[in-house]
Amino acid sequence: MSLTDLMKPTQKSETQLSDSAPMVVFGAHPDDIEFGCGGIIANETRTGRKAHFVICSRGEAGSYGTPTQRTAEAKRAAAILGATVEFLKLDGDAQLEIRSAHALKLAAILRRLKPQIVLAPSLVENQHPDHWRLGKLVRDATRLARYGGLKALRGLRHAIDQLFYYAVTPEAEPREINPVLVDISAPEILKSWTAAMEAHTSQVTARNYIELQLTRSRLLGARAGIGHALPLFPNDPLVVNSLEQIGRSARRF
Ligand SMILES: [Zn+2]
């Protein structure tokens, strides 16, 4: 099933989509978004949807690459995927804490950008602690952004339509949530996603992250009878006007 079909009861034209608010994607580190859901971003921007990345560190605690280098890599990767990017300083790489002040900062970003769809790292805890902590902060922020009486938050209140989690690695896929599988089989999507991952030169020379991600998407695709797919995990039940909007399910084996 296509994510766009699920989200939009009436299909918007490409022009209407490009005029709409961006899809906002939060990442704890400069490469998380590309590895976790880059193919989905490429797929969405190709149909005219805007995408904006908010990266909450410069990867300064990483074993490879300097913060300057990693910032440049993230900017290049975002451009390849057709997305815009901004960096937000919270507690720094590997030191992120769950604080209401951070959730408010993220909520202020949501009020400024007014997205319908928000993507955040999954809440699976046996991973880099910044990933799931950021996921929880984003989840809280989507709630705070819609509260009218919060004095600490300026701007018009904003309610998003859907919060989805992405998994930076297969281990971060939550087992208790059935994923929405997004078909990213089109050659130009795979090419753009691979190029965006390759843009993180400091990371991909150390370990074979690209092969891991392409193998994951191939396996998920095989389960769904298509070439490649990437999973998103809805935080809330998805709502459709008719069952017809649900294209198909992965039930082949
Ligand atoms: Zn990370």
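Details of the structure are given in the entry above.
Model, not experiment: these values are computed from the prediction.

Novice: Break down the packing of aromatic side chains for me, citing the residues and quoting the values.
Specialist: Following the criterion strictly, the structure yields 1 aromatic pair and no others. Between the aromatic rings of F35 and Y209, the centroid separation amounts to 5.6 Å while the plane-to-plane angle is 55 degrees, which identifies the pairing as tilted. Here F35, found in helix α3 (residues 32-46), pairs with Y209, found in helix α9 (residues 209-224); they are 174 residues apart in sequence, far enough to count as distant. Above the plane of the ring of F87 lies R58, whose end atom (NZ or CZ) is 4.4 Å from the centre.

Novice: Got a sec to walk through the pattern of salt bridges? Specific residues and values, please.
Specialist: Under the defined criterion, the tally for this structure stands at 10 salt bridges. Connected through shared salt-bridge partners, D91, E97 and R99 make up one network.

Novice: Before we move on, could you go through the coordination of the zinc ion and cite the residues and values that matter?
Specialist: Here the zinc ion is held by H29 (ND1), D32 (OD), D32 (OD) and H131 (NE2), and the distances to it run 2.1 to 2.7 Å. Each of the 4 donor atoms around the zinc ion contributes to a set of angles spanning 52 to 119 degrees, which defines the coordination as irregular. Binding-site remark: the zinc ion is held by donors from one chain whose sequence spacing is H-x2-D-x98-H. According to the relative accessible area criterion, H29 is buried, its value standing at 5%. Among the residues examined, D32 registers a relative accessible area of 4% and is labelled buried.

Novice: Quick one: what's the story with the side chain of T45, residue by residue and with numbers?
Specialist: As for its position among the elements, T45 is in helix α3. Judged by its relative accessible area of 18%, T45 is buried. Within the structure, the side chain of T45 is placed 3.3 Å from the backbone oxygen of A42, a separation counted as a polar contact.

Thresholds, definitions, all that
Just so you know, the residues in each chain are numbered from 1, in the order the chain's sequence is written. For this predicted model, a pLDDT threshold of at least 70 governs which residues receive local features, and a threshold of 80 or more governs which side-chain atom pairs are given and counted, while totals over whole chains, interfaces and linings are taken from all residues. As a convention, hydrogens and water are excluded, and side-chain values are obtained from all of the structure's heavy atoms. Classification of ring pairs uses Phe, Tyr and Trp, with its six-membered ring standing for Trp, and accepts pairs whose centres are within 6.5 Å; under 30 degrees between planes counts as stacked, over 60 as edge-to-face, and the remaining range as tilted. What counts as a helix is a DSSP run of H or I of at least four residues, what counts as a strand is a run of E of at least two, and both are numbered from the N terminus. Comment: the charge-over-ring label is applied if NZ (Lys) or CZ (Arg) is within 6 Å of the ring centre and within 35 degrees of the ring normal. By definition here, a salt bridge exists when the distance from a side-chain nitrogen of Lys or Arg to a carboxyl oxygen of Asp or Glu is within 4 Å. Only nitrogen, oxygen and sulfur atoms qualify as donors, and only when within 2.8 Å of the metal (3.2 Å in the case of Na, K and Ca); with water excluded, sites may look incomplete. For four-coordinate sites, all angles between 85 and 135 degrees define a tetrahedron; for four- and six-coordinate sites, opposite donors beyond 155 degrees with the remaining angles between 65 and 115 define square planar and octahedral shapes respectively, and all other cases count as irregular. Exposure is judged per residue with a 1.4 Å probe applied to protein chains only, and the accessible area is read against the type maximum: over 50% gives exposed, under 20% gives buried, and values in between give partly exposed. Any N or O atom pair separated by 3.5 Å or less is treated as a polar contact, with the protein-specific requirement of one donor-capable and one acceptor-capable atom, and with residues adjacent in sequence counted only for side-chain atom pairs.

Interpretation in functional terms is not warranted from these geometric data alone.
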